[in-house]
Amino acid sequence: MSVSLSTAASLYDRVRRVIPPIEWPAFTDDIDAILVLKRERNAVILAHNYQTPEIFHCVADIVGDSLALARRAMTVDADVIVLAGVHFMAETAKLLNPGKTVLIPDLGAGCSLADSITASDVRLMRQRYPGVPVVTYVNTSAAVTAESDICCTSGNALAIVESLGAPQVIMLPDEYLARNIAAQTKVEIIAWKGHCEVHERFSPADIRELRESHPGVTVLAHPECPPEVVAEADFAGSTAAMSDYVGRHKPARVVLMTECSMSDNVAVEHPDVDFVRPCNLCPHMKRITLANIRAALEENRHIVTIDPAVAEGARRAVERMLAI
Ligand code: SF4
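Everything in this summary refers to the structure shown in the same document. All of these numbers come straight from a predicted model, not from anything done at the bench.

How each quantity is defined
Residues numbered from 1 in each chain as written. Predicted model: local features only at pLDDT ≥ 70, side-chain atom pairs only at ≥ 80, totals over all residues. Heavy atoms only, no water. Phe/Tyr/Trp six-rings, centres within 6.5 Å; stacked < 30°, edge-to-face > 60°. Buried < 20%, exposed > 50% of the residue type's maximum accessible area, 1.4 Å probe, protein only. Salt bridge = Lys/Arg side-chain N within 4 Å of Asp/Glu carboxyl O. Helix = DSSP H or I, 4+ residues; strand = E, 2+ residues; numbered from the N terminus. Pairing = 2+ DSSP bridges. Axes fitted to C-alpha atoms, helices over the stretch in contact; angles between N-to-C directions. Contact = heavy atoms within 4.5 Å. Arc of directions from axis to C-beta. Near = heavy atom within 4 Å. Nonpolar A, V, L, I, M, F, W, Y, C, P; charged D, E, K, R; others polar. Core = buried A, V, L, I, M, F, W, Y, C linked by side-chain atoms within 4.5 Å. Polar contact = N/O pair within 3.5 Å; in protein donor to acceptor, adjacent residues only side chain to side chain.

Brief notes about the packing of aromatic side chains
Part 1: Scanning the model with the defined rule gives 3 aromatic pairs in all.
Part 2: Geometrically, the ring pair formed by Trp-24 and Phe-27 is edge-to-face, given 6.3 Å between the ring centres and 70° between the ring planes. Comparing Trp-24 with Phe-27 shows no difference in burial state: the two are buried.
Part 3: One aromatic cluster is present, formed by Tyr-12, Trp-24 and Phe-27 through successive ring pairs.

Some details on the pattern of salt bridges
Part 1: Taken as a whole, this structure holds 18 salt bridges when the rule is applied.
Part 2: Linking Lys-38 and Asp-61 is a salt bridge whose minimum nitrogen-to-oxygen distance equals 3.0 Å. Linking Lys-38 in helix H2 (residues 25–41) with Asp-61 in the loop between helix H3 (53–56) and strand S2 (62–64), this pair joins segments that are 23 residues apart in sequence.
Part 3: By relative accessible area, Asp-61 is classed as buried at 13%.
Part 4: Here Asp-234 and Arg-211 are joined by a salt bridge, their closest N and O atoms 3.2 Å apart. Of the two residues, Asp-234 sits in the loop between helix H11 (227–232) and strand S10 (235–236) while Arg-211 sits in helix H10 (residues 204–213), which places them 23 residues apart along the sequence.
Part 5: When its relative accessible area of 44% is taken as the criterion, Asp-234 is described as partly exposed.
Part 6: Given the relative accessible area of 28%, Arg-211 is considered partly exposed.
Part 7: Salt bridges sharing common partners tie together Glu-175, Arg-179, Lys-193 and Glu-228.

Description of the sheet that holds strand S7 (residues 168–172)
Part 1: Across the sheet, 4 strands lie side by side as S6-S5-S7-S8; this open sheet has parallel pairing. If you trace the sheet from one side to the other, it starts and ends with strand S6 (150–152) and strand S8 (188–191), each paired once. Shown here is a sheet whose adjacent strand axes are inclined to one another by a mean of 35°, direction ignored.
Part 2: Sheet analysis places strand S5 (residues 134–137) next to S6, joined by 3 bridges and oriented parallel. For Val-135, the partnering residue across the bridge sits in S6 and is Ile-150.
Part 3: Together, S5, S7 and S8 form the strand contacts of helix H9 (residues 175–182), whose direction differs from that of S8 by roughly 170°.

Observations concerning helix H1 (residues 8–15)
Part 1: Of all the positions in H1, only Ala-8, Leu-11, Tyr-12 and Val-15 are classed as buried. Along the long axis of H1, the arc covered by the buried residues comes to 125°, so they all point the same way. Seen from the buried face of H1, the exposed residues on the opposite side, beyond 90 degrees, are Ala-9 and Asp-13.
Part 2: If you follow the buried residues of H1, they end up packed against H2 and H3.

Notes on the site of the ligand
Part 1: Every residue lining the ligand is accounted for by Tyr-50, Val-86, Cys-111, Ser-112, Leu-113, Asn-139, Cys-196, Val-198, Glu-224, Cys-282 and His-284.
Part 2: Considered class by class, the residues forming the shell around the ligand number 7 nonpolar, 3 polar and 1 charged.

Some remarks on the nonpolar core
Part 1: If you look at the biggest cluster of nonpolar residues, it comprises 95 residues, and the most contacted ones within it are Trp-24, Ile-31, Leu-46, Met-171, Leu-256, Ile-293 and Met-321.
Part 2: Not counting the four nearest positions on each side in its chain, Leu-46 is found in contact with Ile-62, Leu-69, Ala-73, Val-76, Ile-81, Val-82, Leu-83 and Ala-84.
Part 3: By size, the runner-up hydrophobic cluster in this structure holds 13 residues, among which are Phe-202, Ala-221, Cys-225 and Val-230.

Side note on the environment of His-199
Part 1: By the secondary structure assignment, His-199 is in the loop between S8 and H10.
Part 2: When the C-alpha positions of His-199 and Cys-282 are compared, they lie 9.2 Å apart, and in sequence the two are 83 residues distant.
Part 3: Aside from chain neighbours lying at most four places away, what touches His-199 is Tyr-50, His-222, Glu-224, Cys-225, Pro-226, Met-257, Thr-258 and Glu-259.
Part 4: Side chain to side chain, His-199 and Glu-224 meet in a polar contact 3.0 Å long.

Interpretation note: all reported values are geometric properties and have no functional meaning in isolation.
Now the structure itself:
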């Protein structure tokens, strides 16, 4: 998606279903400024599916889930990459395209999963389970990734685990993703106790209440949800897989058990589908705003750097994933 020749005024049609007219004027100055700054600085904005619609649909050049953003980050030939997402995503972009200036608009955009584990925790797991390969979800710091054999995302975790040809695999740090993958494979999965603070809050009772109050609703769940939630859903998959499901099946009414902005962003593409919207906000994703994207481009902040001592190992683990 390229909006480089657009202006805020010409973009409102894209988001009118999810941004009320009364709220739109608050965004237009920043959108116009960002569109100009992108041209001046030869910059692109990569936005995760959990970014708010005025970012996702109005200033982003590349959008998607963690896997899509990592793949696209590799081939960006602009001088500057602004990562509208959380810190580990910006680190992944820097790892895969080290010659570019990668900016994160707010250094506080972290992740409860990434914060649940350190590099020394991974070394301890290796000591405890010698010879067992370590698969690390990309929602971790570069230092943790560097200790891993290979990365995965929620979109490719099963394929990655099975590609290793090992009877046992250590899967870090998301316990629920690990248990959801364990239910689909004969490989024995050894999990860590990290949780996504957004997805762990959904419960099977939420789904039963939704089905009662919205008869016929199709329930899609993210695999970072507890396994009991995934078991009650009609389909479980990454944000990209959920979006794809809506496009292919066109359910009359759907609920996405994931971060709030995801429904808004998918709803823009599917005006014929009724989205029921119980959701949980990710406070880290919501630290990114039009105002701090604009400031990032104006002031060249915050530049993402990776310790060279960890960069090589981390890059190897990410590239090994992307090769599968
Ligand atoms: S939604 Fe969960 S996994 Fe994603 S950034 Fe927020 S806390 Fe981390």
